[in-house]
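Each chain, written out:
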Amino acid sequence: MEGNTIEVDIKVPNKTRYLSLIGRIGEDIAREIERYSGDKETLAYHLNLVLTEAMVNAIKHAGPKEPEKLVRIVISIHLDDLTIKVYDDGQGFDINTIPPPNFEELEDRGRGIFLIRTLMDSVCYRKSCRENILEMKKKLV
Amino acid sequence: MNLVNETRNDVVILYVKEERLDAHNSADLKSAVQKLFEDGKKNVLVDLKEVRFIDSSGLGALVSGFKNAISHQGNLKLSSLQSQVKSMFELTRLHRVFEIFPSTVEAIENFSS
């Protein structure tokens, strides 16, 4: 692997009890990024959060009939580019149809994708016949 | 979920004794708060001193508690937010919705005033 590249490829059962494990991995990676000049503890929280939200999303979209499925998460950092990909094999959804939360209305739900969009530079969700990928990118400067 | 319940000056304080309030455990908090209002409690303070991390589900559970309070003519307030947790309330504009106090003592004074 190149000197400036980190890639972590993880598979965990699609259960919420693994959220803290995935979140902690994100935090540890944030603290290891030598080139990042911003506040690493804030970055650590943000990675923890986007990984948590994305994994919850993947769990929701994996069918409940298949509780033994795995969620695959790939976190890669090359130079200043952070990319997180979260794979699910559920029905998928169109991320562009999800509205931002209505701040005037007090809803219990609907803040997850908003938080991901706010904290990352770009977010896209690709559907293919085999699997769906939520891809999130951030420039680490 | 590890929740500790204490009553002081007619205020039920729910201490969330968890490092994370997320999609794994937030439903427990939601039902605990709901039960307090259904049991006739009017003033509930959720203390988040030990919570280092909150996600959208955790925020949602607190919003649900807040709405429960309104529908039972009660109050739900928050205390002891760590700075990163507080910044999630700001990001989602929820700091305008909740009354947030630095400590349980200050929150309880506010309930009594």
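The residue numbers shown here count from 1 along each chain, following its written sequence. Whichever chain is written first is A, and whichever ligand is written first is 1; the rest continue in order. Confidence filtering applies because this is a predicted model: local features only for residues at pLDDT of at least 70, side-chain atom pairs given and counted only at 80 or more, and all residues used for totals across whole chains, interfaces and linings. Calculated side-chain values reflect all of the structure's heavy atoms, with hydrogen atoms and water omitted.

Chemist: So, the layout of surface pockets: which residues are in play, and what are the values?
Modeler: Within this scheme a cavity is a closed region of a 1 Å grid, computed over the protein atoms alone, that accommodates a 1.4 Å probe without allowing it to escape, whereas a pocket is open but has protein on both sides within 12 Å along at least five of seven lines; lining residues each have an atom within 4 Å of a point. Grid points are joined across faces, edges and corners, and a volume is the space filled by probe spheres set on the points. In this structure, the largest pocket occupies an estimated 680 Å³ of space. By definition, any uninterrupted DSSP run of H or I lasting at least four residues is a helix, any uninterrupted run of E lasting at least two residues is a strand, and each is numbered from the N terminus. Those elements that provide at least two residues to the lining of the largest pocket are helix 2 (40–61) and helix 3 (112–119) of chain A together with helix 1 (26–38) and helix 2 (56–71) of chain B.

Chemist: So what's going on with the packing of helix 1 (residues 19–32) of chain A against helix 2 of chain A? Which residues, and what values?
Modeler: All names here are of chain A. Where helix 1 meets helix 2, the closest approach of the two axes is 8 Å, and the angle between their N-to-C directions is 150°. Helix-helix and strand crossings are classified by hand; for helix 1 and helix 2 the assignment is right-handed. Where helix 1 approaches helix 2, its residues L19, I22, G23, G26, E27, A30 and R31 are matched on the opposing element by K40, E41, L43, A44, Y45, L47, N48, L51, T52, M55 and V56. Put simply, Ala, Val, Leu, Ile, Met, Phe, Trp, Tyr, Cys and Pro go in the nonpolar bin, Asp, Glu, Lys and Arg in the charged bin, and everything else, Gly too, in the polar bin. Looking at side-chain class alone, the contact of helix 1 with helix 2 contains 10 nonpolar, four polar and four charged residues. Angles shown run from 0 to 180 degrees and are taken between the N-to-C directions of axes, each axis being a line fitted to C-alpha atoms and, for helices, limited to the stretch in contact. For any pair of crossing helices, the crossing counts as left-handed if the nearer helix is rotated counterclockwise from the farther one by less than a right angle, and right-handed if it is rotated clockwise. The contact criterion used is simple: two residues touch if any of their non-hydrogen atoms lie within 4.5 Å.

Chemist: Provide a residue-level description of the sheet that holds strand 5 (residues 132–139) of chain A, including the pertinent values.
Modeler: Residue and element names in this part refer to chain A. Two strands form a pair only when DSSP identifies at least two bridges running between them. With respect to topology, five strands assemble into an open sheet ordered 1-2-3-5-4, the strand pairing being antiparallel. Both outer strands of the open sheet, strand 1 (5–13) and strand 4 (122–127), are each paired with one neighbouring strand and no more. Each strand of the sheet is rotated relative to its neighbour by a mean of 15°, with strand direction disregarded. Across seven bridges, the pairing between strand 2 (residues 70–78) and strand 3 (residues 81–88) is antiparallel. Looking at strand 3, one finds that S76 is bridged to T83. Those strands touched by helix 1 are strand 1 and strand 2, and its axis lies near 170° from that of strand 1.

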